[in-house]
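Structural overview
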Amino acid sequence: MDATRRVTAVLGPTNTGKTHHAIDRMLAHRTGVIGLPLRLLAREVYDRIVARVGPSVVALVTGEERIVPERTQYWVCTTEAMPLEIGADFVAVDEIQLCADADRGHVFTDRLLRARGLNETLFLGSDTMRGAIAGLVPHVTFLRRERMSTLKYAGSKKLSRMPARSAIVGFSVENVYAIAELIRRQKGGCAVVMGALSPRTRNAQVALYQNGDVDYLVATDAIGMGLNLDIKHVAFSATAKFDGRRMRALYPQELAQIAGRAGRHTEDGTFGVTGEARPFDEDVVDAIESHRFAPVRKLHWRNEALDFGSAERLIRSLEEPTYNDWLTRAREADDLLALKALAALPEVQDRLTEPKRVQLLWDVCRIPDFRSSSGVEHTTLLTRIFEFLVGRGLGGGRIPSDWLATAIKRIDRTEGDIDALSRRLAHIRTWTYVSQRKNWVEDESHWRDETRAVEDRLSDALHAALTQRFVDRRTSVLLRRLKQKEALVAEVNDKGEVTVEGEFAGKLEGFRFRQDASATPDAARTLAQAAIQALKPEFHLRADRFYNAPDTELDFTEQGGLMWGTNAVGKLVKGSEPAKPAVEAFVDEEAGPDVAEKVRRRLQHFIDRKVAAQFEPLLAMGRDEALTGLARGFAFRLSEAMGVLPRDAVASEVKELDQEARGALRKHGVRFGQFTIFLPALLKPAPTRLRLVLWSLWNGLQEFPESPPPGLVTIPNVAEVPKQHYTLAGYHPAGTRAIRIDMLERLADILRQKDSRAGFEATPDMLSITGMTLDQFADLMGGLGYKGEKAERPKVKAEAPKTPEISEEAAAAIAAGVPIPEEVSILAPVAEPEAEAAPEMEAFYTFTWAPKPRQRPERTPRPERTEGEARAPRGDRARGDRPQGERPQGERPKGDRPRGDRPKGDRPKGDYKGGKPQRDDRQKSFEARPPRAEKPIDPDNPFAALLALKGKV
């Protein structure tokens, strides 16, 4: 061997700088080729070299990607894609221990045996390859590199206690996704790295981890192949994997390759297990920590001197055995299986007429099954591609552009979940691989760009889907800023939405922070702490703005809540008096006592002014010192009822009021109605709404009655609703409806003018006041104590005035313009009346006073009179022997039934009732009242002159 063509094997554990050393050595030569085990690693090395020498002299060649500048000097390739015929000065093969891999080992073994640089060749890998390399490569020089940091076993750790900057390793897609979801819930999120990801997606995910957006990485064993990441701890979630044919335990050297990703440069790293993985045995731990493993005894090999004479001869050459003690024939790879399947098809056999076609068939069979589809499906696709490429000549055909465009169009969709996007990425990798083959498609440059663009779009969509599913960006940002001990910036927009460091944290409703419920439980505490700490200044600013806000911005709800715009800021609570409620402010403790007190004072001012404005007539009556005696007591009773009192509840108090007391109360707007005593000003919608809330507070109701909509004269009378609720709302129940109190009194004024004994009909005024139909009005009157008898009668129609008709002779004379002769009758003869049609009937009601009979108390047995005992005189009979009156007291205030032409309430007592004198055989009783105080006659009174004449006439 020429001394200038030296071969060096740089061996050692991970984190020894072997790849970095190879890059330096390659750039020291004019040209060079480096082969790497993964497309992801090839892209990483390509980016590093481009950063040093520029893109114009660096090529990237993988199965699915090909970037080859015109002045290429340095080739960065996957091991399978290494160009061996260009005669580069420098050649390097990384991870050479993969010669022992059952699936790809024959490729690496071939590079070990045949790949040589004109000046220098490097083989990089594990020290377990020392014996095999020495036995197969003559005159090789070994260079041992030691690990730059220490690797220690940390035992088993739960995911919830996993330290930051950790990588959790799984060996299936399902396992990776399950771990990533758990990490997101407990730690805020993680990045996901798998070998099936495109370089674009993998780089975006790694950037999340490297930039510190997330502190955890969930990956497959792909991270063991040279990916340089800032990992401090590697945890295995399992210690076995499916190798394509069976489940098997990982070898110690495979565990070490993955665990060695922990620790970077001189920083020490640790490894261990998590989840259901069993802790490592002491022997395995010692081997990993000391980097001592059993040497590789056999390398997988496949013959590279292929015979393309026929398909059978090609298969035999691929299966040719080896007689080297260091080599063992590789098991059937996917490409060989595909070749056997296609060669057995008659349509393919008929086309294998030349060695070039056999070679073309082999090239087609080497298309990887990126989709991991069934053998039949993959074979069908390869057969179709081969038929296109064979064409009519010797391999001179092309894949049709329209067929390829249709296939790519089906894939070029970015909607869907992670699994759907991953499948489309696998499909597009097939067409990316096909477009990289020379002379397989028309316009190779176009289809390479097209497939690359589709892959980029799918990669971006997959990265976004992974990030959305497995990264809680808000929590990760907050954790990072808190870890850096930086002040967090919070903002509150016009809608009250709170963002911390640009991430949505919740909503500020009044003076309470409502955290976003989508945050994970562990992250929720951090989020709340960060938001509250940053919101303290906002609480004070908002309290000042609230304190100076006008009353028009505040309101109360019908359930006692206090609102500032659309935000609840407090509620009403029971106070010392019904019309003096207290308030309770809704303020977070974190806002501080000063803010809470300022909000409470402002709410108290608001409700005090609201009560003073709405109940002004009632409050003025309570302050009137001119009210004394019974009038003052009655005013207090009316104030307790908040301006509305059923008359039957205070019948005795009303009876005791003289005209002077009533006049004093009327000056304050009090109306003594037949059914209700009230202040008309307090029946308006706003005071009514406030009255219901204050009364409900005072009586401790859990659910407050709501006021009816304004403007309704009647509302439904619901049996479950207490009568007092209707009274407070300003309505009086009667029948199936409840009528507004003021309209009821107007109706009562009309009814008092009717003869309720003889009966009367409803007038249009009555129906207009209630806004009811006749049947509805009859039901209302029944509720007021009247009996309505329905009947029918012919409907009286107003007769239209009849225009006399002119006789025919008179009409002819008028038409001729001559005088009408005297003998001619002007009027036409009267026609015979037609038979009268059936008269139209109308319904009407006759109402009479018919109160419900009272329940009489049971009589006590009358004592038997002894013979000769005289009967007691009727007038001497005790008044308690029988109930007085014709109805029970308290059922309805005395005088509820309309009587006569004058209102009942203020009419002096006498024998005149209902316009007819009535006999009363009952013995009357009299009582003395205090004499009225004589008032001086007012000289301005218009009746003063009449009073002066009194007694002189």
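In the block above lies the structure referred to throughout.
Everything numeric in this text was worked out from a predicted model, so none of it was measured.

Another point: the sheet that holds strand β28 (residues 671-672). Ordered in space as β27-β29-β28, the three strands form an open sheet in which the pairing is antiparallel. Edge positions in the sheet fall to β27 (644-646) and β28, since each has one partner strand and no second. Sheet analysis places β27 next to strand β29 (residues 676-678), joined by three bridges and oriented antiparallel. The residue of β29 that forms the bridge with Pro 646 is Thr 676.

Reading across the sheet, the four strands line up as β23-β24-β25-β26 and stay open at both edges, with antiparallel pairing between neighbours. Sheet topology places β23 (554-556) and β26 (580-585) at the edges, where each strand pairs with a single neighbour. Here the average twist between neighbouring strands, direction ignored, is 35 degrees. One ladder, built from four bridges, connects strand β24 (residues 561-564) with strand β25 (residues 567-577); its direction is antiparallel. Among the inter-strand pairings, Leu 562 is bridged to a residue of β25, identified as Gly 570. The strands touched by helix α19 (residues 593-614) within the sheet are β23, β24, β25 and β26, with β26 carrying the most contacts at an inclination of about 150 degrees. Packing against the sheet, helix α24 (residues 685-698) makes contact with β23, β25 and β26, and its axis sits at approximately 65 degrees to β25.

Core analysis: the largest hydrophobic core is formed by 64 residues, its most contacted members being Leu 339, Ile 385 and Trp 431. Element by element, the count of residues in this core is highest for helix α16 (residues 444-470), at eight residues. In this view, Trp 431 contacts Leu 381, Ile 385, Trp 403, Leu 404, Ala 407, Ile 408, Ile 411 and Thr 451; residues no more than four positions away in its chain are not counted. Counting 63 residues, the second largest nonpolar core, distinct from the first, contains Trp 564, Leu 638, Ala 641 and Ile 677.

A few words now on the pattern of salt bridges. Applying the stated criterion to the full structure yields 51 salt bridges. Where Asp 47 meets Arg 43, a salt bridge forms, and the shortest distance between an N and an O atom there is 3.8 Å. On the criterion of helical spacing, the pair formed by Asp 47 and Arg 43 is a turn pair, its members being four residues apart in helix α2 (residues 39-53). Judged by relative accessible area, which is 35%, Asp 47 ranks as partly exposed. In this structure Arg 43 comes out as buried when scored by relative accessible area, which is 16%. The partner of Asp 749 in a salt bridge is Arg 671, with the nearest N and O atoms 3.3 Å apart. Highlighted residues: Asp 749 in helix α26 (residues 741-751) and Arg 671 in strand β28, separated in sequence by 78 residues. Given a relative accessible area of 27%, Arg 671 falls into the partly exposed group. Overlapping salt bridges, with partners in common, bring together Arg 43, Asp 47, Glu 65, Arg 200, Arg 452, Asp 456 and Asp 460 in one network.

Here we come to unusual backbone geometry. Here Asn 439, not a glycine, exhibits a phi torsion of approximately 65 degrees, which is positive. Structurally, Asn 439 can be placed in the loop between α15 (418-436) and α16. Even without being glycine, Asp 443 reaches a positive phi, approximately 55 degrees. On the secondary structure map, Asp 443 appears in the loop between α15 and α16.

All right, on to the pairing of strand β31 (residues 731-734) then. The alternating pattern of β31 places Tyr 731 and Pro 733 and His 732 and Ala 734 on opposite faces, both of which are buried. As judged from the four bridges shared by β31 and strand β32 (residues 737-740), these two strands associate in the antiparallel manner. By the bridge assignment for β32, Pro 733 is matched with Ala 738. Where β31 folds back on β32, the antiparallel hairpin that results is connected by two residues, among which Gly 735 adopts a positive phi of roughly 75 degrees.

Moving on, we get to the packing of aromatic side chains. The full count for this structure, using the stated rule, is 17 aromatic pairs. Residues Tyr 153 and Phe 280 carry aromatic rings whose centres are separated by 5.8 Å and whose planes lie at 35 degrees to one another, so their mutual orientation is tilted. Taken as a pair, Tyr 153 in strand β9 (residues 151-156) and Phe 280 in the loop between β16 (269-273) and α8 (282-290) lie far apart in primary sequence, 127 residues in all. Judged by its relative accessible area of 11%, Phe 280 falls in the buried class. Ring pairing ties together the aromatic residues Phe 760, Phe 777, Tyr 786, Tyr 845, Phe 847 and Trp 849, which thus form one cluster. Residue placement shows Arg 689 over the ring face of Phe 556; its charged tip is 4.1 Å from the ring centre. Taking the ring centre of Phe 844 as reference, the NZ or CZ of Arg 793 above it sits at 4.2 Å.

About the criteria used
- Residues numbered from 1 in each chain as written.
- Predicted model: local features only at pLDDT ≥ 70, side-chain atom pairs only at ≥ 80, totals over all residues.
- Heavy atoms only, no water.
- Pairing = 2+ DSSP bridges.
- Helix = DSSP H or I, 4+ residues; strand = E, 2+ residues; numbered from the N terminus.
- Axes fitted to C-alpha atoms, helices over the stretch in contact; angles between N-to-C directions.
- Contact = heavy atoms within 4.5 Å.
- Core = buried A, V, L, I, M, F, W, Y, C linked by side-chain atoms within 4.5 Å.
- Buried < 20%, exposed > 50% of the residue type's maximum accessible area, 1.4 Å probe, protein only.
- Salt bridge = Lys/Arg side-chain N within 4 Å of Asp/Glu carboxyl O.
- Phe/Tyr/Trp six-rings, centres within 6.5 Å; stacked < 30°, edge-to-face > 60°.
- Lys NZ or Arg CZ within 6 Å of the ring centre and 35° of its normal.

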